[in-house]
Amino acid sequence: MYIETVPNRGSPPAILLRESYRDGKSVRKRTLLNLSHWPAEHVEGLRGVLKGGVVLPPGEQPFTVERSLPHGAVAAVLGTARSLGLDRLLGPKAAEANRPRDLVMAMIVGRIVAPASKLATAKALDPATAASSLGVELALGDVGEDELYAALDWLLERQPTVEAALARRHLKGGTLVLYDVSSSYMEGRCCPLAKRGYNRDGKKGKLQIVYGLLCAPDGCPVAIEVFEGNTADPMTLADQVAKLKRRFAIDHVVLVGDRGMITQARIDEDLRPAGLDWITALRAPALKELVGGGHLQMSLFDERDMAAITSPDFPGERLIVCRNPDLARERARKREDLLAATERDLAKIAASVARSTRPLRGAAEIGMAVGAVLGRHKMAKHFDVTIADDRLVFARKREQIAEEAALDGLYAVRTSLPEETLADADTVRAYKSLAQVERAFRCLKTVDLHVRPIHHWLTDRVRAHVFLCMLAYYVEWRMRTRLAPMLYEDDDKDAAEALRASPVARAQRSPAALAKSATGRTPDGAPVHSFQSLLADLSTLARNTVVVANAPDRPFTLLTRPTPIQQKAFDLLGFPIACTQ
């Protein structure tokens with residue numbers, strides 16, 4: 001049977017219920033019912049039934065959304081990781097089943113989408129308690145915490161291979177390599193790597209680890225290494241030199257590090273013997289000796305902010321001395337504020353010593369009060385202080401303050417590269433590019449990935465955890481680059497650099513970036529996002545499991561329709577929105 005609409009001259013078309021039948025060798029049809037007087041929705045309902053549909057009882061839904069999981073952020077991060085070939089780097093072939101690799105991929109994606117402990121990550125991946133579609137997309141099934149620990153052990157074994165592959169991809173012979181060190185505090189006291197050291201996290205009484213990060217010139221992370229928490233920054237350098245020369249087999253490397261990292265001792269003992277070039281900066285005492293020894297004339301900066309000089313104290317090296325007037329003014333202001341604050345506090349102590357009622361007495365008691373003031377403002381070197389049992393006298397060391405003020409805004413970049421290889425301005429830019437490693441540390445430690453606090457006790461687990469976080473930053477770094485037009489990121493670096501009068505001047509933002517910050521809108525009128533707020537927006541794109549009433553044993557997957565912002569994000573990332581059926 002079927003429904004047929006038959007034209008009716010001069011009248012509305014007739015809607016007829018008909019059936020076909022065979023009469024001998026002929027096929028004929030006959031009308032069973034005239035449906036012309038039926039409401040249109042009833043006709044369409046009957047048409048659906050005739051095509052195999054089912055009539056539902058009143059009040060029953062034709063389909064049910066059995067489960068809805070946040071999916072967009074998972075699809076964006078996992079798709080980026082796969083587009084970078086991270087699954088292939090972890091190996092073996094991406095198409096082959098490999099549960100440890102898939103668990104590592106899940107922990108990398110989870111570290112970006114919702115960083116959590118391994119126990120919380122296991123719960124978020126478990127089908128019964130899933131917090132997103134990540135476990136379903138990777139077809140992980142039931143996931144236990146011990147499995148994640150085993151996957152970390154598996155990852156650590158592959159760290160040298162993965163880092164070597166990243167080095168081949170992002171580092172070439174003669175390239176600049178950025179290197180810096182940071183630290184993170186540990187929970188507990190059982191890990192052999194956990195030691196007391198210079199605490200960058202401001203966590204008093206906490207043990208810590210130290211880790212060094214190698215980056216490509218554009219800030220892309222390549223390798224990371226964990227050290228004991230009491231390791232001095234320069235002592236980490238020898239391992240990086242060996243890694244670059246032996247494991248990565250790079251024929252010529254220019255290592256860029258800060259003044260506290262690449263010291264004269266490290267140059268003599270590590271870099272020169274290995275044939276590496278370097279870009280770093282002079283420490284304040286060495287800069288002061290340059291000025292005092294007559295090798296640097298301050299008149300050089302009357303009409304410019306950068307000058308290249310040589311010094312017999314640094315044979316075979318080029319010194320590019322820079323003077324930033326804005327930095328000079330800021331340092332002078334800050335020093336004067338601290339001097340004035342120190343004088344005010346010392347004057348209060350002097351008044352308490354001189355008063356007639358219950359005066360402060362005793363050189364020890366007066367000294368403790370004075371020491372607390374000088375320690376708080378860090379101005380002890382700029383004051384002459386005389387303490388007796390009933391007297392306190394203090395005065396500024398004006399000549400010393402004037403000598404320090406003469407160096408305000410002054411710094412010197414040192415390099416072994418000749419000017420023909422790297423011009424003065426480019427050398428200064430290379431040194432300032434260390435800010436990209438600092439940005440990586442901010443993302444790793446606080447903003448996005450939360451490498452700390454670290455609860456692992458075993459040395460290998462700590463190393464694997466830090467390496468996992470570096471791989472997560474590798475994916476995030478690429479996502480930030482691709483999504484820059486939607487974020488508060490400056491996506492017009494050339495325009496920003498053109499605004500700088502010289503590399504010594506303060507970095508500028510491009511007009512497009514300033515407009516995004518001022519209006520909160522992109523050029524096409526869409527709202528500007530931070531990286532985290534964009535991930536939150538993408539997470540509202542859900543992966544729905546739908547069950548149809550007449551086929552409850554055949555559920556299917558349906559994604560919610562992406563918003564224009566979500567669609568634009570995936571367009572910028574370079575792959576379609578997809579899910580595993």
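Residues numbered from 1 in each chain as written. Predicted model: local features only at pLDDT ≥ 70, side-chain atom pairs only at ≥ 80, totals over all residues. Heavy atoms only, no water.

Trainee: I would appreciate a short explanation of the packing of aromatic side chains in the present structure.
Mentor: Each aromatic ring pair is summarised here by two numbers: the centre-to-centre distance and the angle between the ring planes. All told, the structure shown has 2 aromatic pairs when counted by the stated rule. Seen from the ring of tyrosine 21, arginine 30 lies directly overhead, with NZ or CZ sitting 4.4 Å from the centre. (Phe/Tyr/Trp six-rings, centres within 6.5 Å; stacked < 30°, edge-to-face > 60°. Lys NZ or Arg CZ within 6 Å of the ring centre and 35° of its normal.)

Trainee: Would you take a moment to explain the environment of leucine 296 for this structure?
Mentor: Relative to the helices and strands, leucine 296 is located in the loop between α10 (284-292) and β10 (306-309). Judged by relative accessible area, leucine 296 falls into the buried class, the value being 2%. It is 9.4 Å that separates the C-alpha atoms of leucine 296 and alanine 307, two residues lying 11 residues apart in sequence. The contact partners of leucine 296, leaving out residues within four places of it in the chain, are Leu287, Leu290, Val291, Phe301, Ile309, Val321 and Leu410. (Helix = DSSP H or I, 4+ residues; strand = E, 2+ residues; numbered from the N terminus. Buried < 20%, exposed > 50% of the residue type's maximum accessible area, 1.4 Å probe, protein only. Contact = heavy atoms within 4.5 Å.)

Trainee: Would you mind showing me how to read the sheet that holds strand β9 (residues 277-281) here?
Mentor: Neighbouring strands of a sheet are bound in pairs by backbone hydrogen bonds; such pairs are parallel or else antiparallel. Read across the sheet, 8 strands follow the order β7-β6-β5-β8-β9-β14-β11-β10 without closing on themselves; strand pairing throughout is mixed. A strand with exactly one partner marks an edge of an open sheet, and here the two such strands are β7 (221-228) and β10. This sheet shows a mean twist of 20° between the axes of neighbouring strands, independent of strand direction. Here strand β5 (residues 175-185) runs beside strand β6 (residues 208-215); their pairing, made up of 8 bridges, is antiparallel. (Pairing = 2+ DSSP bridges. Axes fitted to C-alpha atoms, helices over the stretch in contact; angles between N-to-C directions.)

Trainee: Is there a simple way to think about unusual backbone geometry in this case?
Mentor: It is generally the case that most residues other than glycine have a negative phi and that most peptide bonds are trans. Each neighbour pair has its own omega, and for arginine 452 with proline 453 the value is -5°, a cis peptide bond. As for its placement among the helices and strands, proline 453 is situated in the loop between α15 (435-447) and α16 (459-482). With a phi close to 45°, arginine 358 is a non-glycine residue in the positive phi region. Along the polypeptide, arginine 358 turns up in the loop between α11 (325-354) and α12 (363-377). With relative accessibility at 72%, the residue arginine 358 sits in the exposed group. Notably, histidine 450 is not glycine yet its phi reads approximately 55°, a positive angle. By the element assignment, histidine 450 lies in the loop between α15 and α16. The exposure class of histidine 450 is partly exposed, given its relative accessible area of 34%.

Trainee: Would you mind showing me how to read the environment of alanine 128 here?
Mentor: On the secondary structure map, alanine 128 appears in the loop between α5 (118-125) and α6 (134-137). By relative accessible area, alanine 128 is classed as exposed at 65%. With 435 residues separating them along the chain, alanine 128 and threonine 563 place their C-alpha atoms 28 Å apart.

Trainee: Help me understand the sheet that holds strand β15 (residues 542-548) in this model?
Mentor: Within the open sheet, the 3 strands sit side by side as β4-β15-β16. Their pairing is antiparallel. Every interior strand has two partners, whereas the edge strands, β4 (63-70) and β16 (551-559), have only one. Along the sheet, successive strands turn relative to each other by an average axial angle of 20°, direction set aside. With 7 bridges joining them, β4 and β15 adopt antiparallel strand pairing. If you follow phenylalanine 63 over to β15, its bridge partner there is valine 548.

Trainee: What's the story with the state of the cysteines in this structure? I'm lost.
Mentor: Linking two cysteines covalently via their sulfur atoms produces the bond known as a disulfide. With the rule as written, the count across this model stands at 0 disulfides. In this structure cysteine 443 is not part of a disulfide, and its nearest cysteine sulfur, from cysteine 215, lies 11 Å away. Judged by its relative accessible area of 4%, cysteine 443 falls in the buried class. For the unlinked cysteine cysteine 469, the closest cysteine sulfur is that of cysteine 443, found at 12 Å. Looking at cysteine 469, the relative accessible area reads 0%, which means it is buried. (Disulfide = S-S within 2.5 Å.)

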